[in-house]
Amino acid sequence: MKSCAYYTYWMVMLQWVKFVCDEEERDSAFMTQVENQLEKMPTGEAGHKPRLRFAPSPTGLMHIGGFRTMLFSWLYARHTGGTFILRIEDTDVARTVEGAVDFLLHGMRWMDLDYDEGPIVGGQYGPYYQTQRKAIYQQYAHQLIESGHAYRCYCTAERLEQLRKAQAAQKLPPRYDRNCRYLTEEQRAANEAAGLKYVVRIAMPLEGETVVHDEIHGDITFKNSDIDDAVILKSDGFALYHLASIVDDHLMGITHVLRGDEWISSAPRHIQIYKALGWELPLFYHVPTVLGKDKKKLSKRHNAPSWIELKEKGFLPEAVFNFLALIGWSYDDKTELFTREELIRVFTLDRIGAAGGIYDPDKLLWMNGVYIRQMPLEELIERTLPYMERPEIAGGLPDSVKRPLDKAYTSRVLHLEHERLKTLGEAAEVVSFFFVDELHYDTAMLVQKGMDIDRTLVGLMRARDLLNSLEEWKHEVMEPPMRELAAELGMKPGQLFGAIRVAISGRTATPPLFETMEALGRERSMARIEKAIERLA
RNA sequence: GCCUCGUUCGUCUAGUGGCCAAGGACGCCGCCCUUUCAAGGCGGAGAUCACGGGUUCGACUCCCGUACGAGGUACCA
């Protein structure tokens, strides 16, 4: 039910996305915080370019935590000139959400993260959907059975369930009791003859230790007796992550496995499978998870936006890109604004930390503002227009405002708002008074601090007359005489200007008054002042 | 419960034995600028480096415990 609601939600968003954004190039060369000297290309082992993969499962909408982890792999692949592979781990058919891959692909496109091998583009090591590699996993599962590293388990779900209950009652760790590992040949044959369904389980060594060499955490040692015989092939013939990912990583020549640190606990199992198959281990990097404000793992239910929500709010992909790179990774003690090129140049795996980081929306907001301010005005307009033109209900200007917007006019408006914007999405709300015909505000707002109705009325009328007498409608022409007027009337500039501000905008906060009036236009400004006078009279 | 990981300002983090009576950034507060709101400038509060033991001439940095947090403990990934 929930997933259904989600599905509907983002299908709608998806349409909007296509409408709003044709991904254009944006590699403006601004913000160069990184000095050029520190760069040497990676010391790649001769000839062996790194191959990294991101392997999401399409069981839902990936949130930005997933993107962060993908970003690390992508960045490193690009840094080294290696290969970045996208592999879809869709072995859990029941949980697969239709459209999830599309959603992911769109998100990657939005963030400008490309991949060298994967869905659609293919590659030499395909297919890149695990459901299409079913036979491969089965082959290796059988190989493992043959070599005695795995076995068929005929236990029913009911038996397993009872087992777990019994163990719980005795306060024992829930663990498969390896019943089928010790079946006699006769029993096995009987089960086969009876046509019993079976799963394949890995036969973990009963004693000894497995040490996981992790490039971030160092060596992590597990007692083999603590690890149970996990299922690696389901009764429906599909592999589980434990088998599929290892087979694929090996067959696809993955050199660096970056994955969330929630995988640490199953790493020993994976290592045993590598060993059993006689394969060389890749380098493991268990990267810290991105946590929510409550320090819990990020989930979409919960405090974790997906890329589409960020996009919808008007966050810039390049800002999100920059921001995400800084969760769990840092360059040094002060640099944090990076262009994507700089990030690629500077990103190394050894600077990934071990502790989980919390996603801080406030800092993202700030960084987005920085990127907006750095952006040339023309670009700001191009990119903001779609947000303003979207339907009112989606956050655009009131529907009464005719689309498409006049570009020249919008440009003048946005120029004033440029350094005030934190997101593209808030533009509509903030500038709507420039576009609507009718202003709605409480008349009392006209009366400034220390003023009364009569004085406000006088101020407004005198301002009207003065403004009307001006030859040119330019802010530098308006300001000096208006200041004089305020002085003459014994008002503070803010008292006079404040009243006019409300009169022309219906707001208490706008860009500088006279520039605002200039952009608004003479007709419109004067009509609004007139209207305010009527209201007070 | 068991296994594992993690722990530097509220948050992101710098720090790999002396350069740290811990630096930067967001946020917060104040001042300046100022017609409002921003932006910008300046300044401030904010971390006994989770705690306790070691090791060492010297520990935020190494070791061991403890606490707390997180992850795992599925025919999920």
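Cut-offs applied
Residues numbered from 1 in each chain as written. Chains lettered and ligands numbered in written order. Predicted model: local features only at pLDDT ≥ 70, side-chain atom pairs only at ≥ 80, totals over all residues. Heavy atoms only, no water. Helix = DSSP H or I, 4+ residues; strand = E, 2+ residues; numbered from the N terminus. Buried < 20%, exposed > 50% of the residue type's maximum accessible area, 1.4 Å probe, protein only. Contact = heavy atoms within 4.5 Å. Areas by Shrake-Rupley, 256 points an atom, 1.4 Å probe, with all protein chains shown as cover. Phe/Tyr/Trp six-rings, centres within 6.5 Å; stacked < 30°, edge-to-face > 60°. Lys NZ or Arg CZ within 6 Å of the ring centre and 35° of its normal. Near = heavy atom within 4 Å. Polar contact = N/O pair within 3.5 Å; in protein donor to acceptor, adjacent residues only side chain to side chain. Pairing = 2+ DSSP bridges. Right-handed = clockwise from strand over helix to strand, strands pointing away. Axes fitted to C-alpha atoms, helices over the stretch in contact; angles between N-to-C directions. Parallel < 35°, antiparallel > 145°, perpendicular 65-115°, else oblique. Left-handed = near helix turned anticlockwise from the far one by under 90°. Nonpolar A, V, L, I, M, F, W, Y, C, P; charged D, E, K, R; others polar.

Asks: Tell me what's going on with the overall build of chain A, and back it up with residues and numbers.
Replies: For chain A, the count of helices and strands is 20 helices and eleven strands. Expressed as a percentage of the 537 residues in chain A, the buried residues total 52%. Contacts in chain A between residues far apart in sequence, at least 24 positions, make up 76% of those at least 6 positions apart. When the accessible surface of chain A is split by element, carbon and sulfur atoms take 53% of a total near 25500 Å².

Asks: Report on the packing of aromatic side chains, specifying residues and quantitative values.
Replies: The tally for this structure, following the rule as stated, stands at 15 aromatic pairs. An angle of 75° between the planes, with centres 5.4 Å apart, marks the rings of Tyr-409 and Phe-435 as edge-to-face. A residue pair is termed long-range when its members are at least 10 positions apart, and Tyr-409 in helix H14 (residues 407-417) and Phe-435 in the loop between helix H15 (427-431) and helix H16 (453-469) qualify at 26 residues. Lying across the ring of Tyr-125, Arg-51 places its NZ or CZ 4.1 Å from the centre.

Asks: Could you give an account of the protein's contact with RNA strand B, with specific residues and numbers?
Replies: With respect to spatial proximity, 60 residues lie near RNA strand B, and among them Arg-95, Gly-328, Glu-336, Glu-419 and Arg-501 are the closest. At the protein interface, 74% of the atoms of RNA strand B within 4 Å belong to sugar or phosphate. Contact between RNA strand B and Ser-57: a sugar or linking oxygen at 3.2 Å from a side-chain N or O atom of the residue. Side-chain polar atom of Lys-422 to a phosphate oxygen of RNA strand B: 3.3 Å apart, as the coordinates give it. For the surface near RNA strand B, the elements supplying multiple residues, two or more each, are strand S4 (199-202), strand S6 (218-223), strand S11 (357-358), helix H12 (361-374) and helix H18 (493-505).

Asks: Explain the pairing of strand S1 (residues 51-54) to me, and be specific about the residues and the numbers.
Replies: What you see with S1 is no split at all: Arg-51 and Arg-53 on one side and Leu-52 and Phe-54 on the other are buried throughout. The pairing of S1 with strand S2 (residues 83-86) spans four bridges and is classified as parallel. What sits directly across from Leu-52, in S2, is Phe-84. In the classification by handedness, the crossover that spans S1, the intervening helix H2 (residues 64-80) and the parallel S2 is right-handed.

Asks: Tell me about the sheet that holds strand S3 (residues 150-153), and please be specific about residues and values.
Replies: The strand order S3-S4-S7 describes an open sheet built from three strands, whose pairing is antiparallel. In this open sheet, the two edge strands, each paired with only one partner strand, are S3 and strand S7 (231-233). Put simply, the sheet's adjacent strands are angled 45° from each other on average, direction ignored. Here two bridges tie S4 to S7, and the two strands are oriented antiparallel to one another. Considered in S7, the bridge of Arg-201 is made with Val-231.

Asks: Go over the packing of H18 against helix H19 (residues 513-520) with me, naming the residues and quoting the values.
Replies: A packed helix pair is summarised by two numbers, namely the angle formed by the two axes and the spacing between the axes. Direction vectors running N to C along H18 and H19 enclose 30°, while the axes themselves pass 10 Å from each other. Judged by the inter-axis angle, H18 sits roughly parallel to H19. Seen along the crossing, H18 lies across H19 with a hand that is left-handed. Only Leu-513, Phe-514, Thr-516, Met-517 and Leu-520 of H19 make contact with H18, whose side of the interface consists of Phe-497, Ile-500, Arg-501 and Ile-504. Looking at the contact of H18 with H19 residue by residue, the class counts come to seven nonpolar, one polar and one charged.

Asks: Tell me about unusual backbone geometry, and please be specific about residues and values.
Replies: With an omega dihedral of -5°, the bond running from Gly-126 to Pro-127 counts as a cis peptide bond. The topology assignment puts Pro-127 in the loop between helix H3 (100-111) and helix H4 (134-146). Pro-404 follows Arg-403 through a cis peptide bond whose omega is -10°. Mapped onto the fold, Pro-404 is located in the loop between helix H13 (377-389) and H14. Phi at Ile-120 takes a positive value of approximately 70°, unusual for a residue other than glycine. Relative to the elements of secondary structure, Ile-120 occurs in the loop between H3 and H4.

Asks: A description of the side chain of Arg-507 should follow, citing residues and the corresponding values.
Replies: Along the chain, the position of Arg-507 falls in the loop between H18 and H19. For Arg-507, the side chain forms a polar contact with the side chain of Ser-432, separated by 2.8 Å. Excluding its chain neighbours within four sequence positions, the residues that come into contact with Arg-507 are Glu-429, Val-430, Ser-432, Phe-433, Met-445, Arg-501 and Val-502.

Asks: Break down the environment of Val-257 for me, citing the residues and quoting the values.
Replies: The topology assignment puts Val-257 in strand S8 (residues 256-260). As a C-alpha pair, Val-257 and Leu-52 span 205 residues in sequence and 6.5 Å in three-dimensional space. The contact partners of Val-257, leaving out residues within four places of it in the chain, are Arg-53, Asp-249, Pro-282, Leu-283, Phe-284 and Tyr-285.

Asks: Residues and numbers for the environment of Ala-244, please.
Replies: Its location among the elements puts Ala-244 in helix H7 (residues 241-251). Residue Ala-244 is classed as buried on the basis of its relative accessible area of 0%. Ala-244 sits 101 residues away from Arg-345 along the chain, and the two C-alpha atoms are 33 Å apart. Among residues more than four places away in sequence, those in contact with Ala-244 are Thr-91, Gln-130, Tyr-137 and Ala-239.

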